[in-house]
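# Residue-level structure breakdown
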Amino acid sequence: MSLPAARRLARRPQRLPSAFPCAAAAVPADCLPLRLLCTTGGASASAASARTTSSRSPGSPSLSSAPASAPASPLTSARRAFSTAAARLTRHRGPRGDRNANRGVSALRRTGLRPRQTLSVGKDGLPTPVFDAGKRARPEGDEDHGLWGFFGERRKCILTPEEMNAFGREWTVEELRRKSWEDLHGLWWVCARERNRIKTDSAERQRLQAGYGQFEADERYKTALRTQKNIRNALIERWYAWGSARQAARDDPEIVMYARKGEPAYKPSTSYEPEEAEDVEVKAEEVAPSQERKPQDQQPRA
Amino acid sequence: MKPSLSLLTNNINAKPIVAPHFRFGRKPIYLPNFDVTLLRTKHLPVTQAKFQVPLFFSKLDLRDYLYNCYGVRAINIRSYVKYRRVQLGRSDRSSRHERATWIRPRPHKFMFIDMDRPFVWPDEPTDFEPWDKEQFELTNEYQQKTAGRRNSEQEPRGSDEERKTLAEQARDLLEGRQKWKPTDSAPAQASRKTEARRQRRV
């Protein structure tokens, strides 16, 4: 039943004297309180009884002076529930009832279980809560869990300032120029994980209010940042050197930029006739421009 | 469908990579420049973890990042943004205007993940001697006390000590124990009294 309908029913006794003038005058006090269908009864029913009692005039006829037709009315039969519902709907039990075993059982109204109701669970063997956190069983974590990557090799909660301060310098651009892209890319990710480690350590130290160590963590963090900055610089240098080499090759008439398969990419000019004595040097010069065509072999300019 | 990050990690993870439980995104990020912080949260079960992530991060980003960089399978992710209080400027800014302007700092973003394997944090240290906790707290207390003063000897404005002295002077004047004189002609007795009180305290 919807709530407004329940409220309408709960308000019903207020209009009772006017709706049933003869019956209300005839109902004695011991027939009250009225039990209303599908309402909680309680306060409203007792209030209704009080109102009905007070509205009764002192000179109203008693039960003995009720008219003869009164027993035909459902209200006049003693201790019968009042209901405006159809009669067959009110029969919940018996052969013509709705056969609903859970009729009248409600968790909202806290009615509890019906008699002889059995549940799939019981009260036996329930775990006992442990309120002392120190006595609870400690769960075991995986030793090779990936989240250990957020900690150092020693797997400590927070590093002491001395341990945090034990680090070297950053990689310089001069060192990084000699490295391949695979090396630089791997080093970048080493720095990224190191930054995550330092941030995790700092957050935990601040949460514990452990004390000093922020300065050392910041210095270490800045060193990782400087290494990453130098990696970027080395890659940017390499990119511009490759572009310059392409431009130089495009301007060189002896170099074929888009050579087909089998076609030589380097065509020396026919007018050039080397002397006998400089034969070796010419061969060396031949090699140099052909190297220049490959961007991955190109050494960046200092 | 929004493509997530596919982070290329160059096989720096020594442990064997577990099988992916999702389809990789098609937008490769070679050189990421952000931090992901693992945060200890006491009430979480061992199969959950909390992270602070950049504000632009999505759940798919964190899932790809944790899988590719750490070999962690994030089965389910929850996210929230924590807004921060308005504060008076930033003390590290050199411009006076920036220091005097009310700003709201950028909010923080946090994400919780569900994992298929349990992870237990290492124990907290019991002895904070290496971090010099006592000295650290004393220094902080002193700095908070002396914040905004011109020097350490100066009493803070509106302090209890100053208020008591002022009330005492006012009472002396009102009850006639003290005659008001301009301070130019002769130093007031009250100020000498204040000086004596300060000497006693030192």
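None of the values given here were measured: they were computed from a predicted structure.

### Details of the overall build of chain A
- Of the regular secondary structure elements, chain A holds ten helices and zero strands.
- Starting at the N terminus and walking to the C terminus, you meet the elements of chain A as α-α-α-α-α-α-α-α-α-α.
- Expressed as a percentage of its 302 residues, the buried residues of chain A come to 27%.
- Counting contacts in chain A only where the partners sit at least 6 residues apart, residues at least 24 apart contribute 60% of the total.
- Element-wise, carbon and sulfur atoms account for 53% of the exposed surface of chain A, whose accessible area totals about 21700 Å².

### Here's the deal with the sheet that holds strand β5 (residues 74-82) of chain B
Residues and elements named next belong to chain B.
- An order of β3-β4-β8-β5 is seen for the four strands of this open sheet, with the pairing classed as antiparallel. With partners counted over all chains shown, the strands left at the sheet margins are β3 (37-39) and β5, one partner each. The average undirected angle you get between the axes of adjacent strands in this sheet is 30°.
- Where β3 lies against strand β4 (residues 48-53), three bridges are found, and the strand directions are antiparallel. Considered in β4, the bridge of Thr37 is made with Gln52.
- Its contacts with the sheet place helix α1 (residues 59-70) against β4, β5 and β8 (108-115), and it is angled at close to 130° to β5.

### Comments concerning the confidence of the model for chain A
All names here are of chain A.
- Summing up the model confidence of chain A, the mean pLDDT is 73 and the portion of residues at 70 or higher is 59%.
- Between residues 1-77, whose pLDDT stays under 50, and residues either more than four places distant or in other chains, the model counts 43 contacts.
- Within the model, pLDDT remains below 50 along residues 287-302, and this stretch shows 14 contacts once partners closer than five positions in the same chain are excluded.

### Observations concerning the environment of A:Glu170
Residue and element names in this part refer to chain A.
- By secondary structure assignment, the location of Glu170 is in the loop between α6 (161-165) and α7 (173-176).
- A sequence separation of 52 residues divides Glu170 from Lys222, and the C-alpha atoms of the two residues are 9.1 Å apart.
- Excluding residues within four positions of it along the chain, Glu170 makes contact with Thr223, Arg226, Thr227 and Asn230.
- At 3.5 Å, the side chain of Glu170 and the side chain of Arg226 are in polar contact.

### A few points about the packing of helix α8 (residues 181-208) of chain A against α1(B)
- With their axes 12 Å apart at the nearest point, α8(A) and α1(B) run at an angle of 115° to one another. For the element pair α8(A) / α1(B), the angle class is roughly perpendicular. Two packed elements cross with a definite hand, and for α8(A) against α1(B) that hand is left-handed. Along its contact with α8(A), which presents A:Trp189, A:Arg193 and A:Asn196, the element α1(B) presents B:Tyr65, B:Cys69 and B:Tyr70.
- Here the contact of α8(A) with α1(B) is built from residues that sort into four nonpolar, one polar and one charged.

### As for the interface of chain B and chain A
- Each partner contributes to the interface: chain B provides 46 residues, whereas chain A provides 46 residues.
- Across the chain B to chain A interface the summed buried area is about 4200 Å²; carbon plus sulfur atoms make up 63%.
- Of all residues in chain B, B:Leu31, B:Tyr70 and B:Trp131 bury the most surface against chain A, accounting for 18% of the area lost on that side.
- Scanning the region where chain B abuts chain A turns up six salt bridges.
- Between B:Arg40 and A:Glu204 there is a salt bridge whose closest N-O contact spans 2.8 Å.

### Thoughts on helix α4 (residues 160-174) of chain B
- Given a rise of 1.5 Å per residue, 15 residues ought to cover 21 Å, and the 21 Å separating the end C-alpha atoms of α4(B) matches this to within 8%.
- Once α4(B) ends, the next one or two residues include B:Gly176, with phi positive near 80°.

### Focus: the side chain of B:Thr37
- Along the chain, B:Thr37 falls in strand β3.
- Since its relative accessible area comes to 7%, B:Thr37 is described here as buried.
- The contacts of B:Thr37, once residues within four sequence positions are left out, are A:Lys199, A:Thr200, A:Ala203, B:Lys50, B:Phe51 and B:Gln52.

### Considerations on the packing of aromatic side chains
- Considering all chains together, one arrives at 22 aromatic pairs over all chains under this definition.
- Centre to centre, the rings of A:Phe150 and B:Phe51 are 5.6 Å apart; their planes meet at 50°, and the pair counts as tilted. With A:Phe150 in the loop between α5 (87-90) and α6 and B:Phe51 in strand β4, this pair bridges two chains. Neither residue differs from the other here; A:Phe150 and B:Phe51 are each classed as buried.
- Each member of the aromatic cluster is reached from another via a ring pair, and the members are A:Phe150, A:Trp189, B:Phe34, B:Phe51, B:Phe56, B:Phe57, B:Tyr65 and B:Tyr70.
- When the ring centre of A:Tyr221 is taken as origin, the NZ or CZ atom of A:Lys199, which lies over that ring, is 5.0 Å away.
- It is B:Lys50 that lies over the ring of B:Phe110; its NZ or CZ is 4.6 Å from the centre.

### Remarks on the nonpolar core
- Core analysis: the largest hydrophobic core is formed by 26 residues, its most contacted members being B:Phe51, B:Leu62 and B:Ile113.
- Elements with a contribution of two residues or more to this core: α8 of chain A together with β4, α1, β5 and β8 of chain B.
- Tallying contributions element by element places α1(B) first for this core, with five residues.
- If you look at the next biggest cluster of nonpolar residues, it comprises eight residues, including A:Leu184, A:Leu187, A:Ile231 and A:Ala234.

### With respect to unusual backbone geometry
- Here the phi dihedral of A:Arg110 falls at roughly 55°; this positive angle occurs in a residue that is not glycine.
- Within the secondary structure, A:Arg110 is located in the loop between α5 and α6.
- Residues other than glycine seldom take positive phi values, yet B:Asp132 does so here, at roughly 55°.
- What makes B:Asp132 partly exposed here is its relative accessible area of 35%.

### Let's talk about the packing of α8(A) against helix α9 (residues 214-251) of chain A
Residues and elements named next belong to chain A.
- At a minimum axis separation of 10 Å, α8 and α9 run at an interaxial angle of 160°. One way to sum up the angle between α8 and α9 is to call them roughly antiparallel. When the axes of α8 and α9 are compared, the crossing they make is left-handed.
- Per-class residue counts for the contact of α8 with α9 are 13 nonpolar, five polar and seven charged.

### Structural notes on the environment of B:Phe112
Residue and element names in this part refer to chain B.
- Positionally, Phe112 belongs in strand β8.
- Judged by its relative accessible area of 13%, Phe112 is buried.
- Separated by 36 residues in the primary sequence, Phe112 and Asn76 place their C-alpha atoms 8.2 Å from one another.

Reading guide: rules and limits
- Residues numbered from 1 in each chain as written.
- Chains lettered and ligands numbered in written order.
- Predicted model: local features only at pLDDT ≥ 70, side-chain atom pairs only at ≥ 80, totals over all residues.
- Heavy atoms only, no water.
- Helix = DSSP H or I, 4+ residues; strand = E, 2+ residues; numbered from the N terminus.
- Buried < 20%, exposed > 50% of the residue type's maximum accessible area, 1.4 Å probe, protein only.
- Contact = heavy atoms within 4.5 Å.
- Areas by Shrake-Rupley, 256 points an atom, 1.4 Å probe, with all protein chains shown as cover.
- Pairing = 2+ DSSP bridges.
- Axes fitted to C-alpha atoms, helices over the stretch in contact; angles between N-to-C directions.
- pLDDT = per-residue confidence, 0-100.
- Polar contact = N/O pair within 3.5 Å; in protein donor to acceptor, adjacent residues only side chain to side chain.
- Parallel < 35°, antiparallel > 145°, perpendicular 65-115°, else oblique.
- Left-handed = near helix turned anticlockwise from the far one by under 90°.
- Nonpolar A, V, L, I, M, F, W, Y, C, P; charged D, E, K, R; others polar.
- Buried area = accessible area lost by both parts, 1.4 Å probe.
- Salt bridge = Lys/Arg side-chain N within 4 Å of Asp/Glu carboxyl O.
- Expected span 1.5 Å × (residues − 1).
- Phe/Tyr/Trp six-rings, centres within 6.5 Å; stacked < 30°, edge-to-face > 60°.
- Lys NZ or Arg CZ within 6 Å of the ring centre and 35° of its normal.
- Core = buried A, V, L, I, M, F, W, Y, C linked by side-chain atoms within 4.5 Å.

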